[in-house]
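Analysis of the macromolecular model
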Amino acid sequence: MTEREIIAGLGKGDWKSFSILYRKFYERIRFFADRYVNDLDVAHELTIESFIKLWQKRNDFETITNVQAFLFITTKNACLNYIKHLKVRKAAHEEILYVSAKE
């Protein structure tokens, strides 16, 4: 399939086109996510979420380069949100330990 056919197919909801993009980018995106979160399982989940968002916005892309940029940006943002959530959770946990130690 040509790039135009893949993008046109994606826009029409063609699973074959989506599958081609998934196979093309999954490993790179997961590796990218793992560099942020240092956990392959979490990286996998964040990558899958990015592909779900790609499917939901499948009509918004004109080139495979746009798809690639979308996946990297979406995954980066998901990783940063995940890390932020971990920090908040850790701070709350430390606060609970501090308060319970005072009692």
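Everything in this summary refers to the structure shown in the same document. (Residues numbered from 1 in each chain as written. Predicted model: local features only at pLDDT ≥ 70, side-chain atom pairs only at ≥ 80, totals over all residues. Heavy atoms only, no water.)

At Phe25, helix H2 (residues 15–37) shows its maximal kink, close to 45°. Asn38, located one to two residues past H2, shows a positive phi value of around 55°. (Bend = angle between axes of the 7 residues up to and from the residue. Helix = DSSP H or I, 4+ residues; strand = E, 2+ residues; numbered from the N terminus.)

Evaluation of the coordinates by the stated rule reveals 9 aromatic pairs. Summarising the aromatic geometry, the rings of Trp15 and Phe18 are spaced 5.5 Å apart at their centres and angled 85° between planes, so their arrangement reads as edge-to-face. Of this pair, Trp15 and Phe18 both sit in helix H2, separated by 3 residues, roughly a single helical turn. Residue classification places Trp15 among the exposed residues on the basis of a relative accessible area of 54%. (Phe/Tyr/Trp six-rings, centres within 6.5 Å; stacked < 30°, edge-to-face > 60°. Buried < 20%, exposed > 50% of the residue type's maximum accessible area, 1.4 Å probe, protein only.)

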